[in-house]
Every structure is written in C-alpha cells, then in structure tokens.
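# Architecture at a glance
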Amino acid sequence: MNDQPKGIKEGLEKWRENRCQMKDRDFRFETVSGMEVKDLYTPLDIEDLDYARDLGFPGEYPFTRGVYRNMYRGRLWTMRQFAGFATAKESNKRYKYLLEKGQTGLSVAFDMPTIMGYDSDHPRSLGEVGRVGVAIDSLQDMETLFDGIPLDKVSTSMTINAPAAVIWCMYIATGEKQGVRPEKLTGTIQNDILKEYIAQKSWIFPPEPSMRLITDIFAYASRHVPKWNTISISGYHIREAGSTAVQELAFTLANGFAYVEAGIKAGLNVDDFAPRLSFFFNAHIDFFEEIAKYRAARRIWARRMKEKYGAKDPRSWLLRFHTQTAGCSLTAQQPENNIVRTAYEALAAVLGGTQSLHTNSMDEVLALPTEKAVQIALRTQQILAYETGVANVIDPLAGSYYVEALTNKMEEEVEKYFEEIEKRGGVLACIEQNFFQQEIADAAYRYQRALDSKQRILVGVNEFVNPDEKLEIEILKIDPKIEQEQVARLQKLRRERDNIRVRETLEALRRACEGTENVIPYILDCVRAYATEGEIIQVMREVFGEYKEKPTF
Amino acid sequence: MARKIRVLVAKPGLDGHDRGARVIARALRDAGMEVIYTGLHQTPEQIVEAAIQEDVDVVGLSILSGAHMTLIPRVTQLLRENGADDIIVIGGGTIPEDDIRALKEGGWVKELFTPGTPLEAIAEWIQTNVKL
C-alpha cells in the first residue's frame, strides 16, 4: 500500500514526458468559472483525503455524500417547476396542468410589483403587472391561486424575499380557509434578503429591519408552522448575476451563517431553527465543477454548524438544497439547444445530490415558457429519474480523483473568501462596501470578454452559428388587458371589504413594527382582514425606511 | 481633441437584473465613452431628468421584466416633451422579435440589442450613430 504513491509518481512522470510530445488543442483548459484544470488526476491529487473525516457515509457527518442514508433509492428529488404568470386564475390553471403531468411540488413566481411590495394599481406597477410572474395583491388572490389545490397535500415553494412575511401570512391564511392547520403546511419561502442586496436587487427595507423580519419568521414558524422551510438561502441569483462557482458557494454559505448568527442573537436556540434552513443553488454548464460545488457545500456547512455554532441536533448540520439549471447559460440563438444544456445541468444537480430541481424551459431566454416547453423541461427530469439509472447509486462520483480534488479545491477557495469577509467586518459590512457586488461584476465582465474574444465557445452564439437564423418557436404573450382586470378586481375589493377593520389591523401592525414584538401575528391579522400587500408594506416602509444602493459598475 | 461620447445606462422599472447593464456600462467606458449608470428601479421621469442634466448623447435602457412596451415609449416621449429628442434611445434585454419590430417602427427606439450581441458591436454602433 505504502509504495503505491511512489509508484504512481514515477509512472506519472514517465507518462507526462511521453505525453508532452503530443500537441494539445489550442484551447483554454479551465472550468467555466476560470479555475485551471489539469489534464489528468491521480491518487496523488487526493493523497490527504481521509475517507471517514472528509466523506463519511450518506446521511452521516459531514454529509459530503448526501444528506439522507438512502438518497434517491428512498425518494426521488422533488420535481418542482417554477411557474406563475398573469393572474391568480391563469396560474392556478398552469399549476393544475403541471400536477396532472406528474410534477410533485409547486413553485410560485410572482410579478415584479408583488416582489417589490406594490399593489397592481400603484403608478410604479404600470406595465409590470403579471409579466414575470403572478400578481398577488391580497388574500383574495391567494385563495384563487390555490383554488382546488389542497395545501395539506402539496408542498409549495414561493420565490419571495423582501415581502416574504406578508406573502407567507397570506399562504397560512389560505390554509385556514381550506381548513388546513398551519402545522400541516409544507413548503419554502425564499426569504433571503442578503442575496437581494448582493445580486438579485429586489429589496425594500434596509438590512437591519429586514433581518428582524426574518428572525421573526424563524421564531413564529418554529412554534406554529414547524414543517415549513423558513428560508432558502440562495446562490442561484448570485450565479445568474455573473459570479463564479466559488463565489456562489462562498457568498451563499456566508449569508447562511449570517442568518444563523442573527437567529442566535435574537435569542433563539440554534437547533430550534437551523433544521428548517434550506439552500438554493444554480446548476451551471461545467459538469464536474457543479458536482464538486454541491459536495463541498454540504461538508462546509456541516462542519461549521457543528464546530462553530455548536448545533447538537444532526438535522441542523444538513445542507438540503433545491437546484435550478442556469438561466444565464441559455441562448436566444438556436433555442432548442437549451434543452440539451438543461439536461446536462440537471444531471449534475442529481449527481450532486439535490433535494429538488427545476429544469429551465428552452424558451425562457425569450419570454415566459409555453406549456410545451415546460413539459419538455419536466420530461427531462423524468427521463433522468426513471430511464438513465443515475438515481440507483448514491453519490456515484465519490472517489473520482478529479471530483474529490475539485471538491477540496472548492472548499479551500471558499475558506479564503470567508477570511476576507471576516476581515472586512462580516456580510453586512461587505454589502455596504460593495465588496460582493464588485467581485461579481468583475467575474461577469471577464466572462463576457472571454466570449467576445472566443476564448470561450458558446454554441450557436460565437461559433457554429446559423447565419440568417429565423426563430420558429412559439412565444407566450401576456395580454395587457390582464393589468386592467387585476386593477379592477383590487379596487372592487377595497370598496367591499370592512375598511374599519383594515385600518385597525394596520395600526396595530405599525405599533408592533415600532416595538420589538414578533410582527407575524399582526401581519396575519392584516391579511385576514384583506388588507393588501401594498398597504401592509407601506406601513412597514414608513417605520423601517427604504434601502438605497450606491450604483456602481 | 474631440469630446467623449456621453452615455446614460439606465434600468427602468422594478426588475433588479443589472448584470447586462453593468457589463455594458463597463464595456462602453473601456471603449472610451463617458458612462453614467443610474442604478436600479428608476422611473422614466428620473431617467429623462438625469439624461438632460448630464447632457448625454445616448440613453441605453436595459429591461428584462417584460415591461418594455410601456417603459421604452414613455422615456422617448418624455425626452420629446422636454425638447431632448436629439438624445438617441437604445435598449436591450429579453425582448421578443415582434416587440422589437413594433418599438423600432414606432420610432420609440433607435436600436435594440438582444442577448448574445458582442460588447464591441454595441460600442461600434454608438460610435457610428452619434454625431459629435
């Protein structure tokens, strides 16, 4: 055994000597994130790897090989297509269609006014209502959205951040209306405000009150909605904004630890809320880099949660995550090629052990997906799950010299970022200093330059181009009338509801915001009285103030 | 020496996807132009006010939220109302072909650059079309 590395070393040297006589292609051999890749990996690249310490077994610390003991042999990942457009009624139809096609969870996309806390009739909402997601103004819309969909049977993920508390309360209240008790509700609210300041840029309040809303949600959920994932700490948008894989991992985990610290600081026991934290990563096109990213993520999270934050419950050590294939890897040119890209990315997510997956539709780079495109994207997952055999074996790439070396490298690079973030005074200080934003902008610019200079090939865009390409794919159109209809419905609601009760609940919420009490029960009261999202957020805006970014490029 | 071309890069509307806007702002600066970036969540009124105050030659609007048919004409119209129709309006983002045609034919925008356009092509277009 002991002579083996020596033998390999000699063999490798000899091989390299001979190999160097053969000319390599004129190509930059590096990952999509720009990490240099060697031509060959051998046991020498993972000499220090200690199986028990660094990998362990699936479902066991440090969870490098997966968070559950039986992984996909027990249960396949949740196939969760992100959807929502136009009105609650239209989206409700799409959800029923997806459930009928075999989708196993819902994922709600909201329109920009909802995401930014404006009602559909606010001047700033003009032209945006129902465009990139569904318009939700009040509990009434939420009831329509889930009409005929039993909330005790379906788990729902909601991509909502700054106004997450309000939308979550609407969901809880919709459950009440259906006769479903909050402890039966399962799903996720994204609720990750730190990545908004860093990448996605849909914020309302400054960081401090935003963090308070989040810890209020942690506290309320741990008592009343125990099966709910209270946050989905998201690297997805950091990557879409142009980061590298290492930056995605480092900034996301750093945000995760910031939430843990905020929870502890708010007086919560780490094991009371940490098991409900979940993650959301991007699956970009560089196959092995992505797999290594997920494996490293689990190991780093487990180690810190146990060793630094003293979590005792093994469920607090688990990094469970949803994955979405990379929207930014798709091309408007030859859009059918996106089906193939998405399939490779989905395979990486599955080999990396994801708990839930969204596969992008080929036309997403042009507009919201059509039914046909969504079906192909879902079928891509089903083919992976049921035909390819990749779900039969747990963490099948473990022990690959390359994958293990890359997993280690990811962890090393992430640790370097952690040091830098710490040196700069933590995540919030880094946001103020524009540190993350600048790192990501630099990476995005490098990537675009590499494409323009053809150092990186993008099929159909800078190579293998079809001259005079004509797009012959169907585009989903949102009728501008939808905005007028939504506005009319909202104004009718305002006339017909009990406006005295609305005013009282809003005033009570204002006092709660000014104090230190948990605000969730107050928001719930407003929602039950059919106060609109915009009205509730406006009260909070007046108390908390608004966030302003210093624009740089 | 001739003065530099001045470009205002703006993100109208509510969407926060500023990757494209920032990459292009930087590319135009590298190509020797003066670039002002407004930041996110700007109303058409704010953009037009900034364009006039900064005395720019070009306004570049980046929109990915689907609100382009409302916001782009609004900016152009406000520029006209303020006697600043010499400022060239261009745009980019996720914009379907039919809408591109309608915006160009309606005279609301001089040119639209969709994803996949090389940065140099945008810089060249501006250098060709701005008369200093």
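Keep in mind the model is a prediction, meaning the values are calculated, not measured.

### Thoughts on the UniProt feature "domain: Methylmalonyl-CoA mutase alpha/beta chain catalytic" (unreviewed entry) in chain A
What UniProt calls "domain: Methylmalonyl-CoA mutase alpha/beta chain catalytic" (unreviewed entry) maps, in this numbering, to residues 31–546 of chain A. End-to-end, the C-alpha atoms of residues 31–546 of chain A are 39 Å apart, and along that stretch the chain is 51% helix and 7% strand.

### Re the interface of chain B and chain A
For an interface, size is often stated in terms of accessible area lost upon the parts coming together. Across the contact, 39 residues belong to chain B and 42 residues belong to chain A. When chain B packs against chain A, the two sides together hide about 3300 Å² of surface, and 54% of this comes from carbon and sulfur. Where chain B touches chain A, the interface holds 4 salt bridges. Salt-bridge contacts for Arg449(A) lead to Glu120(B); the nearest nitrogen and oxygen are separated by 2.9 Å. Linking chain B to chain A there are 14 residue pairs in polar contact (both at pLDDT 80 or more). Every element with two or more residues in the side of chain B that touches chain A is listed here: α1 (19–30), β2 (34–37), α3 (68–81), α4 (97–105) and α5 (119–129) of chain B. A per-element tally of the side of chain B that touches chain A places α1(B) first, with 8 residues. Class assignment for the residues of the side of chain B that touches chain A results in 14 nonpolar, 14 polar and 11 charged.

### Quick word on the packing of aromatic side chains
All names here are of chain A. Per the counting criterion, the structure on display carries 34 aromatic pairs over all chains. Here Phe279 and Trp301 contribute two aromatic rings whose centre-to-centre distance is 4.8 Å and whose plane-to-plane angle is 75°, an arrangement assigned as edge-to-face. Pair noted here: Phe279 is in strand β8 (residues 277–283) and Trp301 is in helix α13 (residues 287–307), with a separation of 22 residues, a long-range link. On the basis of relative accessibility, which here comes to 1%, the residue Trp301 falls in the buried class. With centroids separated by 5.0 Å and ring planes inclined at 20°, the aromatic side chains of Tyr294 and Phe321 adopt a geometry described as stacked. Here the residue Tyr294 occupies a position in helix α13, and Phe321 occupies one in strand β9 (residues 321–325), the gap between them amounting to 27 residues. Neither Tyr294 nor Phe321 differs from the other in exposure class; each is buried.

### Here's the deal with the side chain of Asp192(A)
Residues and elements named next belong to chain A. Structurally, Asp192 can be placed in the loop between β5 (187–189) and α8 (193–200). Of the buried charged residues, Asp192 lacks a salt bridge, with Lys195 as the closest side chain of opposite charge at 4.5 Å. With sequence-adjacent residues up to four places away left out, Asp192 is seen in contact with Asn161, Ile231, Ser232, Ile233, Ser234 and Tyr259.

### A short note on the pairing of β9(A)
Within a regular strand, side chains alternate between the sheet's two faces. Residue and element names in this part refer to chain A. With respect to burial, β9 is a largely interior element, 5 of its 5 residues being buried. Of the two faces of β9, the one holding Phe321, Thr323 and Thr325 and the one holding His322 and Gln324 are both buried throughout. When β8 meets β9, the two strands line up parallel, connected through 5 bridges. Counterpart to Ala283 in the pairing with β9 is Thr325. Sheet topology note: the β9/strand β10 (residues 356–358) ladder contains 3 bridges and is parallel. The residue bridging Gln324 from the neighbouring strand is His358, located in β10. Traced from β9 through helix α15 (residues 337–351) to β10, the parallel crossover comes out right-handed.

### Digging into helix α21 (residues 499–514) of chain A
Residue and element names in this part refer to chain A. The first and last C-alpha atoms of α21 sit 23 Å apart over 16 residues, in line with the 22 Å expected at 1.5 Å per residue. Restricting attention to buried positions, one finds in α21 the residues Val502, Thr505, Leu506, Ala508, Leu509, Arg510, Ala512 and Cys513. Residues of α21 that are buried in the fold lie against α9 (207–224), α22 (520–528) and α23 (533–544). The N-cap of α21, judged by a side-chain oxygen 3.2 Å from the amide nitrogen of Ile500 a few residues on, is Asp498.

### Focus: the environment of Ile523(A)
All names here are of chain A. Positionally, Ile523 belongs in helix α22. Sequence separation between Ile523 and Trp168 is 355 residues, and the spatial gap between their C-alpha atoms is 9.6 Å. Excluding residues within four positions of it along the chain, Ile523 makes contact with Ala165, Val166, Cys169, Leu509, Ile536 and Met540.

### A word on unusual backbone geometry
Residues and elements named next belong to chain A. The omega angle of the peptide bond from Tyr61 to Pro62 is 0°, so this bond is cis rather than trans. With respect to the secondary-structure elements, Pro62 resides in the loop between α2 (51–55) and α3 (71–74). Positive phi, normally seen in glycine, also occurs at Phe63, with a value near 65°. With respect to the helices, strands and loops of the structure, Phe63 is situated in the loop between α2 and α3. According to the relative accessible area criterion, Phe63 is buried, its value standing at 3%.

### Regarding the sheet that holds strand β4 (residues 88–93) of chain B
All names here are of chain B. Across the sheet, 5 strands lie side by side as β2-β1-β3-β4-β5; this open sheet has parallel pairing. Because the sheet does not close on itself, it has two edges, and the strands there are β2 and β5 (111–113). Taking each pair of neighbouring strands and ignoring which way they run, the sheet shows an average axis angle of 20°. Pairing geometry for strand β1 (residues 6–10) and strand β3 (residues 58–63), over 4 bridges, is parallel.

### Comments concerning the sheet that holds β10(A)
Across a sheet, strands are paired by hydrogen bonds formed along the backbone, either parallel or antiparallel in direction. All names here are of chain A. One open sheet accounts for 5 strands, arranged β1-β10-β9-β8-β7; its pairing is parallel. The open sheet terminates on both sides in strands that have one partner only, identified here as β1 (78–79) and β7 (231–234). In this sheet, β8 lies alongside β7 in parallel orientation, the contact comprising 4 bridges. Bridged to Ser234 within β8 is Phe280. Along the sheet face, α13 touches β8 and β9 and points at about 160° away from the line of β8.

The rules we used
- Residues numbered from 1 in each chain as written.
- Chains lettered and ligands numbered in written order.
- Predicted model: local features only at pLDDT ≥ 70, side-chain atom pairs only at ≥ 80, totals over all residues.
- Heavy atoms only, no water.
- UniProt positions renumbered as here; feature names shortened; annotations may be inferred.
- Helix = DSSP H or I, 4+ residues; strand = E, 2+ residues; numbered from the N terminus.
- Contact = heavy atoms within 4.5 Å.
- Buried area = accessible area lost by both parts, 1.4 Å probe.
- Salt bridge = Lys/Arg side-chain N within 4 Å of Asp/Glu carboxyl O.
- Polar contact = N/O pair within 3.5 Å; in protein donor to acceptor, adjacent residues only side chain to side chain.
- Nonpolar A, V, L, I, M, F, W, Y, C, P; charged D, E, K, R; others polar.
- Phe/Tyr/Trp six-rings, centres within 6.5 Å; stacked < 30°, edge-to-face > 60°.
- Buried < 20%, exposed > 50% of the residue type's maximum accessible area, 1.4 Å probe, protein only.
- Lys, Arg positive; Asp, Glu negative; His and termini not counted.
- Pairing = 2+ DSSP bridges.
- Right-handed = clockwise from strand over helix to strand, strands pointing away.
- Expected span 1.5 Å × (residues − 1).
- Axes fitted to C-alpha atoms, helices over the stretch in contact; angles between N-to-C directions.

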